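So you can see what is in the structure, the chains are spelled out below.
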Amino acid sequence: MRALYDMYGAALLGVILRITQHTELAEDLLQETFLKIWHAAEKYDATKGRLFTWMMNIARNLAIDKLRSKDFKNSGKNQDIENNVAVIDNQKKQIINIELLGLRDLVTGLKPELSNVLEMVYYNGFTHAEAAEALNLPLGTVKTRIRTAIVELRKQFN
Amino acid sequence: MEEHKAYIESGILELYVLGQLSAPEMLEVERMAASAPEIKRELEAIEIALEAYAIENAVDPRENLFNELEAKLNPVQQTSFSIQPPPPVRVEQRSNKSLIYALAACVGLLVVSGIALINAHVELGKAQQQIIALRTETDRYAKGMNVLKQTNTELQTVADMIDDPNWAIVQLAGTRTSPASKMMVYWNRKSQDVVLDKSRMKLPENDQAHQYQLWALVGGKPVDLGVFDVKTDSAQILLRMKEIPNAEAFAVTLEKRGGSVNPTMDQMVVFAGVSI
């Protein structure tokens, strides 16, 4: 468990932090992620994918679920406004907070239309269908953009 | 090949890695990856890219975070940060304790019942043995009672015979062959009955091949009066022999089993003349 934490803890915290924008909450969620990994370890199937992918999806799902439940709780006053401007607001916040937290953002090196989609799906908990609707794009275009974005990433890391 | 390329180009593999697919769609991707190595390779490349991307954007957690995590891993209860208040531990412990007491009491009761059952079983066995022993004893007494009754009847008969003047009591004495022997014969001259008194008989026990034979001497000739056995364990006292109207003497010889026509004189054990 220690080895797993040392190897992937920071990477997972990076993902969670990008989603939650809140250090303390992100660290809580990181703990929660590792507890879940610990207790669900037998569910991991190496033939279906890499360990990190499995862990990352656990972390992302926990973070997004938390964010949604938190948003829901705090939504009392400004629900209407938030609903209307959610997408734009989130994106704005994202950029500001990334700067505040001093994160390196490789996605920004992508064309905006590619980074937009990847951000939404990867960090904001949108399904690709929801992203397509929000961006008013055909589903196929969203899929292609996600693929292209990741192909770009692959080029950078190869 | 072309088909696989189109599949890869569709972007579904990226969605798979990002956890965006439904369960049936995931199964489909897994099936494709298992059958086509190029799809498997593409999938891995996407995973590695996203992994590298995440590592590139890693943020170190605060230092003691792992220690906190470890503390949560060890107590088994806390699997998640659920908002539910921790269960009332004390009450649970108490109920656990009382459960343990109850269990202990049950086990104790079981042991006691078990012992009681075994005891009862042993006692029952003993009682059955006692019943069998008592029954045997009762049988023995009943037999003894019959013997006594018979003996009593016969003794009464003897007593009656002595009172009756028709009965002659003939004492037979041992001969040279068997000096220690003696015997008593009751003879009723009127009814001609001849009865032996075994209680006053002193003869050596005969074996399986031989029997004693009683003779009466009538006009100097021996007349067979029947055979008898001498056994120490016999309860019978009186032994009725053949009738004889007249006799000058009585004698007993040891003959082959079943008796002989004429007495074997050197095997005569007792003899007595009848005194009138």
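Quick caveat, the model's predicted, so the values are computed rather than measured.

Draft legend 1. Seen up close, the overall build of chain A. Looking only at helices and strands, chain A features seven helices and zero strands. Counted from the first residue to the last, chain A has its helices and strands arranged as α-α-α-α-α-α-α. Relative to its 158 residues, chain A shows a buried fraction of 37%. Across chain A, every contact between residues at least 6 apart in sequence was considered, and the portion connecting residues at least 24 apart equals 57%.

Draft legend 2. How the structure looks around the pairing of strand E3 (residues 194-197) of chain B. Residue and element names in this part refer to chain B. Relative to E3, strand E2 (residues 182-188) is paired through three bridges, and the arrangement is antiparallel. Bridge pairing in E3 links Tyr-186 to Val-195. Linking E2 to E3, which pair antiparallel, is a turn of five residues; within it Gln-192 sits at a positive phi near 70 degrees. With four bridges connecting them, E3 and strand E6 (residues 238-241) associate as antiparallel partners. In the strand pairing of E6, Asp-197 is matched with Leu-238.

Draft legend 3. Structural view of the sheet that holds strand E4 (residues 210-218) of chain B. Residues and elements named next belong to chain B. The strand order across the open sheet built from eight strands is E5-E4-E7-E8-E1-E2-E3-E6, with neighbouring strands paired in antiparallel fashion. Looking at the sheet topology across the chains shown, the edges are occupied by strand E5 (221-228) and E6. Going from strand to strand, the sheet's axes swing by 30 degrees on average, the running direction of each strand aside. Examined bridge by bridge, strand E1 (residues 167-174) and E2 share seven bridges and lie antiparallel to one another. Within E2, the residue paired with Gln-171 across the bridge is Met-184.

Draft legend 4. Spotlight on the nonpolar core. All names here are of chain A. Grouped together as the largest cluster of nonpolar side chains are 56 residues, with contacts concentrated most on Leu-12, Ile-16, Met-55, Ala-59, Val-117 and Val-121. Top element by residues in this core is helix H3 (residues 51-73). It accounts for nine residues. For Val-117, the contacting residues outside a window of four places in its chain are Ala-131, Val-142, Arg-145, Ile-146 and Ala-149.

Draft legend 5. Summary view of the confidence of the model for chain A. Residue and element names in this part refer to chain A. Looking at chain A, pLDDT values average 76 and 75% of them are 70 or higher. Per-residue pLDDT, averaged within each element of chain A, yields its smallest value for helix H4 (residues 79-101) (47) and its largest for helix H2 (residues 23-39) (88). Within the model, pLDDT remains below 50 along residues 75-88, and this stretch shows two contacts once partners closer than five positions in the same chain are excluded. Low pLDDT, under 50, characterises residues 95-104; the predicted model gives this stretch seven contacts beyond four residues in sequence or across chains.

Draft legend 6. A look at the interface of chain B and chain A. Contacts between the two partners involve 35 residues from chain B and, on the opposite side, 43 residues from chain A. Those elements giving two or more residues to the side of chain B that touches chain A turn out to be helix H2 (12-17), helix H4 (37-56) and helix H5 (65-73) of chain B. For the side of chain B that touches chain A, the element with the most residues is H4 of chain B, which contributes eleven residues. Partitioning the side of chain B that touches chain A into residue classes produces 19 nonpolar, seven polar and nine charged.

Draft legend 7. Representation of the pairing of E5 of chain B in the model. Residue and element names in this part refer to chain B. For E4 and E5, the ladder comprises six bridges, and the chain directions are antiparallel. Residue pairing in the sheet places Tyr-212 in a bridge with Phe-228 of E5. Here E4 folds back onto E5, and the loop between the two strands holds two residues, one of which, Gly-219, carries a positive phi near 60 degrees.

Draft legend 8. Region of the structure containing the packing of helix H7 (residues 139-157) of chain A against H4 of chain B. Contact pair H7 of chain A / H4 of chain B: the axes reach a minimum separation of 9 Å and the direction vectors enclose 70 degrees. By the angle class used here, H7 of chain A and H4 of chain B are roughly perpendicular. Here Ile-150, Leu-153, Arg-154 and Phe-157 of chain A of H7 of chain A lie close against H4 of chain B, whose contacting residues are Ala-45, Ile-46, Ala-49, Leu-50, Ala-52 and Tyr-53 of chain B. For the contact of H7 of chain A with H4 of chain B, a count of residues per class yields nine nonpolar, no polar and one charged.

Draft legend 9. Expanded view of H4 of chain B. In a regular helix each residue adds 1.5 Å, so 20 residues correspond to 28 Å; H4 of chain B covers 28 Å between its end C-alpha atoms and thus fits that length. Residues of H4 of chain B that are buried include every one of Ile-39, Glu-42, Leu-43, Ile-46, Glu-47, Ala-49, Leu-50, Glu-51, Tyr-53 and Ala-54 of chain B, and no others.

The rules we used
Residues numbered from 1 in each chain as written. Chains lettered and ligands numbered in written order. Predicted model: local features only at pLDDT ≥ 70, side-chain atom pairs only at ≥ 80, totals over all residues. Helix = DSSP H or I, 4+ residues; strand = E, 2+ residues; numbered from the N terminus. Buried ≥ 20, exposed ≤ 12 C-beta atoms within 10 Å, placed from the backbone. Contact = placed C-beta atoms within 7 Å. Pairing = 2+ DSSP bridges. Axes fitted to C-alpha atoms, helices over the stretch in contact; angles between N-to-C directions. Core = buried A, V, L, I, M, F, W, Y, C linked by C-beta atoms within 7 Å. pLDDT = per-residue confidence, 0-100. Nonpolar A, V, L, I, M, F, W, Y, C, P; charged D, E, K, R; others polar. Parallel < 35°, antiparallel > 145°, perpendicular 65-115°, else oblique. Expected span 1.5 Å × (residues − 1).

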